[in-house]
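Chain and residue survey
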Amino acid sequence: MDTNGTAFRILCAIGLFFLVQFFYVFSKVERLDEGKLTLEAEVLMLERKRDLMRTKLNDLERETYRSEKKLQSVENRLRDHLKLLGSSSDKMPMIYFVTPTHFRPSQRADLTRLSQTLAQVPNLHWIVVEDADSTSSSVAEVIRRVKLPYTHVNAKTPTDMKMKYEDPSWKLPRGVAQRNVALAWIRRQFASLKRGVVYFGDDDNTYDWRLFSEMRAIDRVGIWPVGIVGGLLAETPILAANGSVVGFNAVWKPERPFPIDMAAFAVNISLVVEHPDAGFDYSVPRGFQESHFLTSLGLAPKDLEPKADHCTKVYVWHTRTEKSVLPKAVAEKVKSHADGDFTELEADALGIDL
């Protein structure tokens, strides 16, 4: 038996086996390298696509920014144009929109919403009267931002007539001192003015722009329906066939001379000037402030001029912002807001200077 030949053949077989294994592994590595190169090429392609998308996104952001600036410019030109249209004496009468306001968690929100409604109304002078010892920079900022003609003053409610935050809204009359200060300012500034209307607009009511067009045509006193007030969906005067006011549908204290809401009427400024003692009074029975003011101007129901399409439309709603529901500790901090420890964000929400 040729043992040397057998051993040689075994060695050749082993060598051949390892050679085959080597070429197999080598081919696998080659394929892995090719796969790696392919993946790297795909990654590079995706990176190029990503960079292209970023470039397009940046272009879109720049275009969006330019479009927003153009829109803002158009809005500013339109607002300036409307102001110019309203500034001439032979154009529409000025509306003196009187807003009493007091600090509460929603004050800044309410004034912001109202200001953005009034900003669209030409020939409107906004008179904001704060129930405070002095005017606040937060309220001033809201007023100035809308670029309306405005007057910003303050009048403090007497302590014994000041409602607590938890008191119901009907407990004491609100806005008495503030409306009287606004009337006094109007009389000082416009003693000889015969054109224009005075309207008392609360900071949490809701107004349709059509209301302002309606009230400009008032000769003495205009009246219209008010939505969601006095226990009714719409409180309104009742008209005769000839369009005169013959009654009211009020269910709360209908015996009042004028059973209407403060938002239901506006008066010609000449009446305010001609009756220097007309105003509001803390001694008046609850719900009679409107009647007291209108009768002190020498007016009777027969003088009412129905507006809002003969009192068939509602252009103002007596909405009220719901009292903010806050934890007791936070509510107490808000009550003493001048000394409260607020974060910058909380202070901005409330309109408080830190």
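Residues numbered from 1 in each chain as written. Predicted model: local features only at pLDDT ≥ 70, side-chain atom pairs only at ≥ 80, totals over all residues. Heavy atoms only, no water.

As a further point, take the sheet that holds strand 12 (residues 304-306). Note on sheets: strands pair through backbone hydrogen bonds, and any given pair is parallel or antiparallel. Sheet architecture is open: seven strands sit in the order 3-2-1-4-11-6-12, paired in mixed fashion. Edge positions in the open sheet fall to strand 3 (150-154) and strand 12, since each of these has one partner strand only. Neighbouring strand axes in the sheet, compared pairwise and without regard to direction, differ in orientation by 25° on average. Two strands pair when backbone bridges link them, and strand 4 (residues 197-200) and strand 11 (residues 265-268) are joined in this way by three bridges, in the antiparallel orientation. Along strand 11, the bridge assignment pairs Val-197 with Asn-268. This element, helix 4 (residues 176-189), spans strand 1 (95-101), strand 2 (124-130), strand 3 and strand 4 of the sheet and lies at about 135° to strand 2. (Pairing = 2+ DSSP bridges. Helix = DSSP H or I, 4+ residues; strand = E, 2+ residues; numbered from the N terminus. Axes fitted to C-alpha atoms, helices over the stretch in contact; angles between N-to-C directions. Contact = heavy atoms within 4.5 Å.)

Applying the stated rule across the entire model yields 14 salt bridges. Here Asp-203 and Arg-104 are joined by a salt bridge, their closest N and O atoms 2.9 Å apart. Taken as a pair, Asp-203 in the loop between strand 4 and strand 5 (206-207) and Arg-104 in the loop between strand 1 and helix 2 (107-118) lie far apart in primary sequence, 99 residues in all. By relative accessible area, which is 11% here, Arg-104 ends up buried. (Salt bridge = Lys/Arg side-chain N within 4 Å of Asp/Glu carboxyl O. Buried < 20%, exposed > 50% of the residue type's maximum accessible area, 1.4 Å probe, protein only.)

The next thing to look at is the side chain of Asp-202. Mapped onto the fold, Asp-202 is located in the loop between strand 4 and strand 5. Residue Asp-202 is classed as buried on the basis of its relative accessible area of 16%. A distance of 3.2 Å separates a polar atom in the side chain of Asp-202 from a polar atom in the side chain of Arg-179. Excluding anything up to four places from it in sequence, Asp-202 contacts Thr-99, Pro-100, Leu-114, Arg-179, Tyr-207 and His-318. (Polar contact = N/O pair within 3.5 Å; in protein donor to acceptor, adjacent residues only side chain to side chain.)

Another aspect to go through is helix 7 (residues 289-296). Inspection of helix 7 places Gln-289, Glu-290, Ser-291, Phe-293 and Leu-294 among the buried residues, and these make up the whole buried set. At its buried positions, helix 7 is contacted by helix 4, strand 4, strand 6 (221-223) and strand 11. Downstream of helix 7 by one or two residues, Gly-298 has phi in the positive range, about 80°.

In this section: the UniProt feature "transmembrane region" (unreviewed entry) in the protein. Mapped onto this numbering, the UniProt entry gives "transmembrane region" (unreviewed entry) at residues 6-26. Taken end to end, residues 6-26 is 100% helix and 0% strand, and its first and last C-alpha atoms sit 30 Å apart. (UniProt positions renumbered as here; feature names shortened; annotations may be inferred.)

Moving on, we come to the environment of Thr-236. Looking at where Thr-236 falls in the secondary structure, it is placed in the loop between strand 8 (232-235) and strand 9 (237-239). Separated by 24 residues in sequence, Thr-236 and Ile-260 place their C-alpha atoms 7.6 Å apart. If we ignore the near neighbours within four places in the chain, the residues touching Thr-236 are Pro-225, Phe-248, Asn-249 and Cys-311.

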